[in-house]
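If you want the building blocks of each chain, they are given just below.
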Amino acid sequence: MPVLAHRRDEIERLCAKYPSRRSALLPLLWMVQEQEGWVSQDSMREVADIIGCTAAEVYEVVSFYTMYNQKPTGRHHIQLCHTLACAICGSAEAGEYIKNKYGFTHGKSMSDDGRFSIVEVECIGACSNAPAMLVGETLYGDLTPESIDSILGAHA
Amino acid sequence: MADQTVHPSLKPGTEDIRFFLNDREVVGKKGETIITVAAREGVYIPHYCWHPSLSVAGNCRLCLVEVHLPDPRNPDAPAKPAPKPVIGCQTPISNGLRVYTESKVAQECQQGMMEFLLVNHPLDCPICDRGGECQLQRYSMEYGAGHTRMADEKRKFHKPQADPLIDIERNRCIMCTRCVRFNDEVGGEHVMGVFDRGEGNYIGTFGQGPVSNILSGNIIDICPVGCLTSRPFRFKARVWELAQTQSTSIWDASGAKVTHWTRNRKLMRTTPPSRKAHDRYTVNEDTEEFIDNITRFGSDFGLHADRWDESRIRIGGTLIPGAFVEAVRQAAGSLAKTKVNHGADSIAVLVSPRATMEEGFLAAKFARTVIGNDNVDWRMSFATAASADAASLAFQHADGDLNDGFSAVVLVNGDYLHQVPTFAMRVKEYARLNNKPVIMIGHHHDAYFSKCAGRRQYGCRPAETSRALELLSLAIKGDAAGNGELAKIFSVAESEVASLVDLLKGVAGKALLIQSLEDMNGAYLPSEVPAALTLKAALGATWKYIPVLRDRNAFGLYAVGAQPGRLPGSEEAVRKAWKINEKAQIPTAGGQHARDLVAAIEEGRIKGLLALGADVLYSYPDQDRLLAALEKLETFVVSDLFNSEITRRATVFFAAASNLERDGVMADLEGNLARLKDVDGPTGGARPDWETLTGIATMMGSTAFAYESVEDVFNEMIRLVAPGFRGSFTGLELAGPANDHSVQDPGGARRRTPAYNPGDYRVDGAHLRWSSEPFAGAIPAVAAEAPAAAGQFLLTWGEHVQGDDYHLNHASIAHLLKAKPYVEVHPADAATLALEDGKRAVLTVGTESIEVTARVRKGPAQGTLYFPAGLGGLKLTGLGESLTAGLQPALETELASV
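Residues numbered from 1 in each chain as written. Chains lettered and ligands numbered in written order. Predicted model: local features only at pLDDT ≥ 70, side-chain atom pairs only at ≥ 80, totals over all residues. Heavy atoms only, no water.

**Student:** What should I look at first to understand the domain arrangement of chain B in this one?
**Tutor:** Often, the extent of an interface is quoted as the loss of accessible area on bringing the components together. Residue and element names in this part refer to chain B. Under the domain assignment used here, chain B contains domain 1 (8-115), domain 2 (122-144 + 152-301), domain 3 (312-381 + 556-727), domain 4 (388-550) and domain 5 (793-897). A C-alpha centroid distance of 35 Å is found between domain 3 and domain 5. In this assembly, domain 3 and domain 5 are joined by one salt bridge. Ionic pairing is found between Asp-805 and Arg-354, a salt bridge with its closest N-O pair at 2.6 Å. Linking domain 3 with domain 5 are six residue pairs in polar contact (both at pLDDT 80 or more). (Domains from an automatic or database assignment. Salt bridge = Lys/Arg side-chain N within 4 Å of Asp/Glu carboxyl O. Polar contact = N/O pair within 3.5 Å; in protein donor to acceptor, adjacent residues only side chain to side chain.)

Structure follows, in structure tokens:
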């Protein structure tokens, strides 16, 4: 199913900004991800058609950048930092807590009700409030089991 | 990805650059890289990612060399070592540069890079299919350290089964990206890619799909390691156990040369002639050494279970195996009887378009001297006899050669990639790398050329092609009156037509006009060929002409006179060679056209038929009608490989020699000769056709067929066909120019190749007394096209080499080689139908319908569809008349089941 069909005008405005349509690849993929939460193979084909290249070329880019999700995400996508500062301040414990709470395991990163999905990421620039995580686009720091309960509880 | 438009080794400037290679002063051209000059100077620099036919990637780092740079302010001071070594494949040469390829630094670099490349590469050569012809293995011996310091576990990938023909084993990949670049640049589409990053880097296809193009098999050859291997050949044999025979493709009319690798006479694999395509190290070599997948994987049809390797004679209702001599006697007897009973004109001789020139020559001689008529032909698949004659007119004016290069090319119609794959590849690569204009005119354009920057497309309806060419030639001669009509035909602005005319007029130097004779079985050829030749005459003498036909040896058979109205040489020479006395007439008129043969049999005019190869009969579009006609023959002698519907109707069957069992010469589209070489003689009771014909002719009383070998036939033939031919039959055994100095046979012994001068083996128009006069004939008018009913499209088609084919049907992996049916739709029509590229659709022609994949592209003109005939079993029995077809998107439910 085409996911960008209703945004043709926006896409054309975007492509017009660049000397070649292929240059619009990264922003187009962001459009898909913001709308769908992830970039599926079908949408990679769609993007390829829009900018005039092959799906393999799009996949080369998608697989290079880890910030493009290649799997469906939950309604709220948790990005937990595990870089040095957060690791020292207990991101592993925080991660363990979230995983136990929602039944995430290795290979299963989405809760059964589709409410949360989780991924461990590199530094998100919130070292002063380590350990930190992003839920959607909102930053939360100084995580404790209690604060995690209240933060995630507020996301339905 | 590296710059794809400029290939450093092919884009040298003119300015001389003097520099030092291992302390020896050498001269190169400005813009050349170190490795290209080194290759020319015979200095070997190890390399993986660099390949003479591909763009420069610079990512394997094995070609690191030490360089010393002169001080620009003080040229007299000694050159100073550069702080770091540089890669030879991407570094341009400069004046005074000192390059050291074998110094301590260079050696340490090579050793270090080898160690890095082997960090994750399994060290299990004995169980790898590439063992024995692996570049990694060889460099490991020559440049590696000989031991490993890698103690940790190696990276492992899962193994996808993406392609039915090509095995991908990512653990062995060294990320040279040659396969990615090959598909992108030569294959035509970026179907393979480098995915993920860092240590997780791997090559593959999107969604693990197949590498679906007709040239994909070449990535097996260019892979320097054991990552990409041939699935049909995998673990079947070790390369050093195999015998090699240089031969030529019987599928590809481009004249692709091949090496057959056999063990105990059994074909194990077929590759391009360079035994190690991955290890080529020559400069400015074009892409000639790539072959198509049909040639590579389909050449083993002679091993099919349906092969009949004994002669058979009809006794009562069945074909009983018998001795060759007995069959010869029987065939000669029945043909003589038919001749006596019904006259000489009641017998026809058919030759397969895949017959060698010698076989065609003997067939022509047999018909003219033994039977005494002009009924010899090979052109069964044409729409009409008139279109077959138009094709002959095209051959008569053929004078182009791709090896000469071109400054512009005009392509008239044609699905070139799927008709003459390696020819199309060479045209495209030359145009792309040298940035030459590619002008496509006609009702179908090959999407393969879309990577050429200088591409221009002018689409029109099939019936309008000849008018468009005619108007264009008038415009070039200065008569701009037709420009308005031309603009209307092409559906473009008049200024666009004027710019096309200016472009064509402004072409300096050699240029090529290439015309496909294949589309719609040549229905419009009677006016298209004269129109194209008129255009060529208008363009001037620097324009050369190449007609393109899918039939492998069409040009050769035309040359040897295996068709009505044509003798292999001047009448005088033929009379002398064939020992015909001066009073006797050599029949050269009133011959039976193959295309009308079925009608002639039905009307009882033809009673006896001698067919060399059943494939020529199989190429007739209406097989049911053909088979019924064959039943009516009094004598049907056929020499063929297989037990098939056609051969079962024979009165005498000769077991023919397969492509690996016979010897002879074939000509390609450009008139270059290549030798089809037998591996080790025929199997069982099979006999090559020249022996069969010699036998029958002698048995029928002729004394002019006293040949002892096929070389005798060749010598007689070539003296007539090309009196200026300077080469020899054995010289043709060399399938191509002697290859690179670095390649060794797997057995270890370096093969000595005698000097080969391609010019010696070229049969050109001058030799054949062909017309060098500009064409000045009339262009017959084309009947107006009947308007298609609402919702209907005009169907255009062309034969596809991966379609229904008598020989290909018998290849061991024919089911993998056949292309899936598809139809090309113009984007505007696709929008009306709400059809997207790659979606399933139902094509309906008459009462038959077939599910196809829609390919949305500006190949066919608007309002027309292009269907590669022979795919998916859809019979287009009304070939020659204009056909209309309906197209509907397949239903969603059907979609789900696909």
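**Student:** Honestly, the nonpolar core in this entry has me stumped. Any pointers?
**Tutor:** Grouped burial of nonpolar side chains is what soluble globular proteins tend to show. Residue and element names in this part refer to chain B. By size, the foremost hydrophobic cluster in this structure holds 132 residues, and its most contacted members are Tyr-48, Ile-203, Met-380, Ile-514, Leu-617 and Phe-636. Apart from residues lying up to four places away in sequence, Met-380 is in contact with Leu-350, Ala-594, Arg-595, Leu-597, Val-598, Val-616, Leu-617, Ser-619, Tyr-620, Pro-621 and Leu-626. Of all hydrophobic cores here, the second largest spans 103 residues; its members include Ala-511, Leu-567, Ala-722 and Phe-775. (Core = buried A, V, L, I, M, F, W, Y, C linked by side-chain atoms within 4.5 Å. Buried < 20%, exposed > 50% of the residue type's maximum accessible area, 1.4 Å probe, protein only. Contact = heavy atoms within 4.5 Å.)

**Student:** What exactly am I supposed to notice about the sheet that holds strand S31 (residues 848-856) of chain B here?
**Tutor:** Within a sheet, neighbouring strands are paired by backbone hydrogen bonds and run either parallel or antiparallel to one another. All names here are of chain B. Pairing is mixed in the closed barrel, where six strands are placed in the order S28-S32-S29-S31-S30-S33. Going across the sheet, the axis of each strand differs from the next one's by a mean of 45 degrees, ignoring polarity. By the bridge criterion, four bridges tie strand S30 (residues 840-845) to strand S33 (residues 883-889) in an arrangement that is antiparallel. Opposite Leu-843, over in S33, you have Leu-887 as the bridge partner. (Pairing = 2+ DSSP bridges. Helix = DSSP H or I, 4+ residues; strand = E, 2+ residues; numbered from the N terminus. Axes fitted to C-alpha atoms, helices over the stretch in contact; angles between N-to-C directions.)

**Student:** Mind showing me how you'd approach the pairing of S33 of chain B here?
**Tutor:** Look at any regular strand and the pattern is simple: side chains alternate between the two faces of the sheet. Pairing analysis gives four bridges linking strand S28 (residues 792-799) of chain B to S33 of chain B, with the strands arranged antiparallel. By the bridge assignment, Phe-793 of chain B is partnered in S33 of chain B with Ala-885 of chain B.

**Student:** Looking at this structure, how should I read a nonpolar patch on the surface?
**Tutor:** On the surface, Leu-26, Phe-64 and Tyr-65 of chain A cluster together to form a nonpolar patch covering roughly 250 Å² of accessible area. Structurally, Leu-26 of chain A can be placed in helix H2 (residues 25-36). (Patch = residues over 30% accessible without salt bridge, like charges linked within 9 Å, V, L, I, M, F, W, Y side chains within 5 Å. Areas by Shrake-Rupley, 256 points an atom, 1.4 Å probe, with all protein chains shown as cover.)

**Student:** Explain the side chain of Arg-178 of chain B to me, please; I cannot follow it from the model alone.
**Tutor:** If you trace the backbone, Arg-178 of chain B turns up in helix H4 (residues 178-187). Here the side chain of Arg-178 of chain B touches Ile-222 of chain B through a polar contact of 2.8 Å, landing on its backbone oxygen.

**Student:** In this structure, what is going on with the packing of H2 of chain A against helix H4 (residues 55-64) of chain A? I would like to understand it.
**Tutor:** If you want to describe how two helices pack, look at the angle between their axes and the distance between the axes. Residue and element names in this part refer to chain A. Running from N to C, H2 and H4 cross one another at 75 degrees; their axes reach a closest spacing of 11 Å. Taken together, the axes of H2 and H4 are roughly perpendicular relative to one another. Judged by residue contacts, Leu-25, Leu-26 and Leu-29 of H2 engage Val-58, Val-61 and Val-62 from H4. Across the contact of H2 with H4, the residue classes break down as six nonpolar, no polar and no charged. (Parallel < 35°, antiparallel > 145°, perpendicular 65-115°, else oblique. Nonpolar A, V, L, I, M, F, W, Y, C, P; charged D, E, K, R; others polar.)

**Student:** Hey, could you run me through the packing of aromatic side chains in this one?
**Tutor:** Each aromatic ring pair is characterised by the separation of its centres together with the angle its planes make. Residues and elements named next belong to chain B. Counted under the stated rule, the structure contains 29 aromatic pairs over all chains. Between Phe-301 and Phe-642 the ring centres are 6.4 Å apart and the planes differ by 65 degrees, which places this aromatic pair in the edge-to-face class. Remark: Phe-642 occurs in the loop between strand S24 (635-640) and strand S25 (652-655) and Phe-301 occurs in the loop between helix H6 (293-298) and strand S14 (311-315); sequence separation between them is 341 residues. Owing to a relative accessible area of 1%, Phe-301 belongs among the buried residues under this scheme. (Phe/Tyr/Trp six-rings, centres within 6.5 Å; stacked < 30°, edge-to-face > 60°.)

**Student:** Sorry if this is basic, but what is going on with the packing of helix H12 (residues 465-476) of chain B against helix H14 (residues 494-505) of chain B here?
**Tutor:** All names here are of chain B. The interhelical angle for the contact between H12 and H14, taken along N-to-C directions, is 65 degrees, at an axis separation of 10 Å. The angle between the axes of H12 and H14 places the two elements in the roughly perpendicular class. Crossing of H12 against H14: the hand is right-handed. For the pair H12 and H14, contact is made by Leu-472, Ala-475 and Ile-476 and by Leu-500, Val-501, Leu-504 and Lys-505, respectively. Class assignment for the residues of the contact of H12 with H14 results in six nonpolar, no polar and one charged. (Left-handed = near helix turned anticlockwise from the far one by under 90°.)

**Student:** Mind showing me how you'd approach the pattern of salt bridges here?
**Tutor:** Opposite charge on two side chains permits them to pair, given that their charged atoms come into close proximity. Residues and elements named next belong to chain B. Applying the stated criterion across every chain, the model contains 53 salt bridges over all chains. The partner of Arg-432 in a salt bridge is Glu-429, with the nearest N and O atoms 3.0 Å apart. Here Glu-429 and Arg-432 lie together in helix H11 (residues 421-434), a separation of three residues that amounts to about one turn. Beyond isolated ion pairs, a larger network of salt bridges with shared partners links Asp-124, Lys-159, Asp-167, Glu-169, Arg-172, Arg-231 and Arg-234.

**Student:** Any chance you could explain the interface of chain B and chain A here in plain terms?
**Tutor:** With 13 residues of chain B at the interface, the matching set in chain A holds 12 residues. Buried surface at the junction of chain B and chain A, summed over both partners, amounts to about 1100 Å²; 60% is from carbon and sulfur atoms. Looking only at chain B, the three residues that lose the most surface to chain A are His-190, Arg-197 and Phe-206 of chain B, adding up to 58% of its buried area. Linking chain B to chain A there are zero salt bridges. Summed over the shared surface of chain B and chain A, the result is five residue pairs in polar contact (both at pLDDT 80 or more). (Buried area = accessible area lost by both parts, 1.4 Å probe.)

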